[in-house]
Amino acid sequence: MPNERLRAVMADGGWTYSGLAEKVDVDPKSVERWVNLGRTPRRGTAMRVAETLGEDMHALWPGLRRVRAERAGSTELVALYAQRADTPVSAFVDVLDQARERIDVLVYAALFLHETYPRLNDLLNKRAAEGCAIRIAVGDAGSENVRARGQEEKFGHGIESRCRLALMHYRPLIGVPGIDIRTHGTTLYNSLYRADDHMLVNAHVWGVTAYGAPVWHLRRSGDGGMFDTYAESFDAVWSTATPVPHER
């Protein structure tokens, strides 16, 4: 199908196939195929085109948002996402919604969950009511490690505010049977989202905000694998975390 969005943006800017092709260093026939046949360029080329046209890359080619699942040597790896920003929120929501025995969440803030899926607390309430044990650990805004992360990511005190806001989102769940909320001040090497034998791991990269770092989806296939390594790290952090008291 033709890419009408691209056609319209080019028309508004007075761009011809040859003019845009010369600007982004491709063949004019490639530009013509993008427009008339709906072809999608490589990500790097798409970024140059979007910058040239003053348009959002994903608005021109929504397909670039889609997950690219890649098989690796581990049988536990279900999918690999280059960035958390490329990971559809449904990947997190669907995994959590399918949990029947346990949900474990280890983050500093991860506000994107509540911001993109406002019914998250309803989901967690429902899972707990049906017997699922839920443990959620968010960052202690006053901890040295949280402050250090803000400096490393050049985010300043913003991350501390985000930790407080995350706790505010989860606070209505405090005291709900089956749900335990705690704060932690550990160095967060990875954000973890576990649901039974599935886990989404948001790896952290020094100086890079979490949404720009990779995510891998693991499915437990046996004892002693990658999944268990991350699950054990969650337990280690949880044992040092501080329960959040119920406000009256």
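Because the structure is predicted, anything quoted here is derived from the model rather than measured.

Asks: Help me understand the pairing of strand 4 (residues 179–184) in this model?
Replies: Each regular strand carries side chains that alternate between the two faces of the sheet. The element strand 4 is largely enclosed, with a buried count of five among its six residues. By the bridge criterion, six bridges tie strand 3 (residues 133–139) to strand 4 in an arrangement that is parallel. Looking at the pairing, R135 lines up with D180 of strand 4. In terms of strand pairing, strand 4 meets strand 8 (residues 242–243) through two bridges, oriented antiparallel.

Asks: Any chance you could explain the packing of helix 6 (residues 89–98) against helix 8 (residues 120–129) here in plain terms?
Replies: A pair of packed helices can be characterised by two numbers: the angle between their axes and the separation between those axes. Their axes nearest at 9 Å, the elements helix 6 and helix 8 cross at an angle of 20 degrees. Here helix 8 runs roughly parallel to helix 6, going by the angle between their axes. As helix 6 runs across helix 8, the sense of the crossing is left-handed. On the side of helix 6, the interface is formed by V93, L96 and D97, while helix 8 contributes L120, L123 and R127. Along the lines of polarity and charge, the residues of the contact of helix 6 with helix 8 split into four nonpolar, no polar and two charged.

Asks: So what exactly am I meant to see when it comes to unusual backbone geometry here?
Replies: Apart from glycine, the bulk of residues carry a negative phi angle, and the bulk of peptide bonds sit in the trans form. The backbone of D25 shows a phi angle near 65 degrees, a positive value even though the residue is not glycine. Topologically, D25 is positioned in the loop between helix 2 (17–24) and helix 3 (28–36).

Asks: Looking at this model, I keep getting lost on the pattern of salt bridges. Mind explaining?
Replies: For side chains of opposite charge, pairing can occur when their charged atoms come near one another. On inspection of all chains with the given rule, the structure shows 11 salt bridges. For R127, the salt bridge goes to E130, with nearest N and O atoms at 2.3 Å. Judged by its relative accessible area of 3%, R127 falls in the buried class. The shortest N-O distance in the salt bridge between R182 and D180 comes to 3.5 Å. In this structure R182 comes out as buried when scored by relative accessible area, which is 17%. For D180, a relative accessible area of 27% translates into the label partly exposed. Among the charged side chains, a salt-bridge network with shared partners connects R102, D104, R135 and D235.

Asks: Explain the environment of M57 here, please?
Replies: Here M57 shows up in helix 5 (residues 57–60). Judged by its relative accessible area of 11%, M57 is buried. A sequence separation of 23 residues divides M57 from L80, and the C-alpha atoms of the two residues are 21 Å apart. Other than its neighbours up to four places away in sequence, M57 contacts R43, A46, M47, A50 and L64.

Asks: Explain the environment of G19 to me, please; I cannot follow it from the model alone.
Replies: Along the chain, G19 turns up in helix 2. Its relative accessible area of 23% is what places G19 among the partly exposed residues.

Asks: I'm lost on helix 9 (residues 144–152) in this one. Help?
Replies: Residue pairs three or four apart in sequence face the same way in an α-helix, which turns once every 3.6 residues. Turning to helix 9, its buried residues are V146, A148, R149 and G150. Tucked inside the fold, the buried residues of helix 9 contact strand 3 and helix 10 (158–170).

Asks: What exactly am I supposed to notice about the confidence of the model for the protein chain here?
Replies: Interpreting fine coordinate detail is not advised for predicted regions of low pLDDT. Mean pLDDT over the protein chain: 88, with 93% of residues reaching 70 or higher. By mean pLDDT, the top-scoring element of the protein chain is strand 2 (residues 102–106) (97), and the lowest-scoring one is helix 9 (80). Long-range and interchain partners of residues 67–72, a stretch whose pLDDT sits below 50, account for 11 contacts in this model, where long-range means more than four residues apart.

Asks: It is not clear to me how the side chain of H217 should be interpreted in this structure. Could you clarify?
Replies: Its place among the elements puts H217 in strand 7 (residues 215–219). For H217, a relative accessible area of 12% translates into the label buried. A distance of 2.9 Å separates polar atoms of two side chains, one belonging to H217 and the other to H198. Those residues in contact with H217, other than ones at most four positions away along the chain, are E76, L77, V78, A79, V95, H198, M199 and L200.

Asks: Just to check I follow, could you spell out the packing of helix 9 against helix 10 for this structure?
Replies: Where helix 9 meets helix 10, the closest approach of the two axes is 8 Å, and the angle between their N-to-C directions is 130 degrees. Our classification of the angle between helix 9 and helix 10 gives oblique. Contact residues: V146, R147, R149 and G150 in helix 9; I159, E160 and C163 in helix 10. A class-by-class count of the residues in the contact of helix 9 with helix 10 yields three nonpolar, one polar and three charged.

Conventions used here
- Residues numbered from 1 in each chain as written.
- Predicted model: local features only at pLDDT ≥ 70, side-chain atom pairs only at ≥ 80, totals over all residues.
- Heavy atoms only, no water.
- Buried < 20%, exposed > 50% of the residue type's maximum accessible area, 1.4 Å probe, protein only.
- Helix = DSSP H or I, 4+ residues; strand = E, 2+ residues; numbered from the N terminus.
- Pairing = 2+ DSSP bridges.
- Axes fitted to C-alpha atoms, helices over the stretch in contact; angles between N-to-C directions.
- Parallel < 35°, antiparallel > 145°, perpendicular 65-115°, else oblique.
- Left-handed = near helix turned anticlockwise from the far one by under 90°.
- Contact = heavy atoms within 4.5 Å.
- Nonpolar A, V, L, I, M, F, W, Y, C, P; charged D, E, K, R; others polar.
- Salt bridge = Lys/Arg side-chain N within 4 Å of Asp/Glu carboxyl O.
- pLDDT = per-residue confidence, 0-100.
- Polar contact = N/O pair within 3.5 Å; in protein donor to acceptor, adjacent residues only side chain to side chain.

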